[in-house]
Amino acid sequence: MSSLVALIGFLILGVGIAVILSPPTLRKVIHQAIEYRWLNWLSGLRLLVGGVLVIAASATRMPGFITGLGVLLIAAGITLPLLGEERVDRMASWWFRQSDMMVGVWGMVLAILGAVVNWASF
C-alpha cells in the first residue's frame, strides 16, 4: 500500500513542478475542466485518492499526516459538486486573475507537499 502513497506523492510533486515551470498550463487545465464539465470526474478522483491515502496511511512514516491529507481530499471531493456552477466559476475566475508568480508559489507548495507524501511513503 505504501507504493500507492509513493505514486500519489510523485504525481503531486510532478504537478507542482509543472505549475512552477508553466503557470499558464494550470490556467489552461482549469479552463478545460470547467468548459468540458470535468468537475464530477475531478471530484471522483479526489475521493479515490483520498480513500487510498486514508487506507494506506498506517503503512507510512507519518500516518496522521497522510490520513489528514486523505480526509481533506475526501472532503474536497464531496464539496466541489455541492458548490454549484456559479461558485466554481467564481473560484476559477479568481485563479485566472492571479499573477504567474503567485501561481508558481502555489505550485511550490504543491511540490513540497508531494515531496513530503513521497518521503512518508518510504
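Note that the coordinates shown come from a computational prediction; the quantities given were computed from them, not determined experimentally. (Residues numbered from 1 in each chain as written. Predicted model: local features only at pLDDT ≥ 70, side-chain atom pairs only at ≥ 80, totals over all residues. Heavy atoms only, no water.)

Caption draft 1: Highlighting the packing of aromatic side chains. With the rule as written, the count across this model stands at two aromatic pairs. Between Trp94 and Trp95 the ring centres are 5.4 Å apart and the planes differ by 75°, which places this aromatic pair in the edge-to-face class. Judged by relative accessible area, which is 23%, Trp95 ranks as partly exposed. For the pair Trp95 and Trp106, a centre-to-centre distance of 6.3 Å together with 70° between the ring planes defines the contact as edge-to-face. In this pair, Trp95 sits in helix 5 (residues 85-97) while Trp106 sits in helix 6 (residues 100-121), placing the two residues eleven residues apart along the sequence. (Phe/Tyr/Trp six-rings, centres within 6.5 Å; stacked < 30°, edge-to-face > 60°. Buried < 20%, exposed > 50% of the residue type's maximum accessible area, 1.4 Å probe, protein only. Helix = DSSP H or I, 4+ residues; strand = E, 2+ residues; numbered from the N terminus.)

Caption draft 2: How the structure looks around helix 1 (residues 2-21). Here helix 1 spans 28 Å end to end across 20 residues, near enough to the 28 Å set by a 1.5 Å rise per residue. Within helix 1, the full set of buried residues consists of Val5, Ala6, Ile8, Gly9, Ile12, Gly16 and Val19. For helix 1, the arc enclosing every buried residue in end-on projection is 160°, short of the 170-degree limit, so these residues lie on one face. Residues of helix 1 that are exposed and point more than 90 degrees away from the buried face comprise Ser3, Leu11 and Leu21. Against helix 2 (23-35), helix 3 (39-56), helix 4 (63-83) and helix 6 lie the buried residues of helix 1. (Expected span 1.5 Å × (residues − 1). Arc of directions from axis to C-beta. Contact = heavy atoms within 4.5 Å.)

Caption draft 3: Quick look at the packing of helix 2 against helix 6. Packing of helix 2 against helix 6 leaves a shortest axis separation of 8 Å and a crossing angle of 85°. In this view, helix 2 runs roughly perpendicular relative to helix 6, as classed from their interaxial angle. Across the interface between the two elements, Pro23, Pro24, Leu26 and Arg27 from helix 2 touch Asp100, Val103 and Gly104 from helix 6. Residues that form the contact of helix 2 with helix 6 fall into these classes: four nonpolar, one polar and two charged. (Axes fitted to C-alpha atoms, helices over the stretch in contact; angles between N-to-C directions. Parallel < 35°, antiparallel > 145°, perpendicular 65-115°, else oblique. Nonpolar A, V, L, I, M, F, W, Y, C, P; charged D, E, K, R; others polar.)

Caption draft 4: Summary view of the pattern of salt bridges. Tallying each qualifying case throughout the model produces two salt bridges. Here Arg27 ties to Asp100 by a salt bridge, and the two come within 2.7 Å at their closest N and O atoms. Highlighted residues: Arg27 in helix 2 and Asp100 in helix 6, separated in sequence by 73 residues. Overall, the relative accessible area of 16% leaves Arg27 in the buried class. Two residues, Arg90 and Glu86, come together in a salt bridge whose shortest N-O distance is 3.8 Å. Taken together, the residues span about one helical turn, with Arg90 and Glu86 both in helix 5 at a distance of four residues. Take Glu86: its relative accessible area is 59%, and that puts it in the exposed class. (Salt bridge = Lys/Arg side-chain N within 4 Å of Asp/Glu carboxyl O.)

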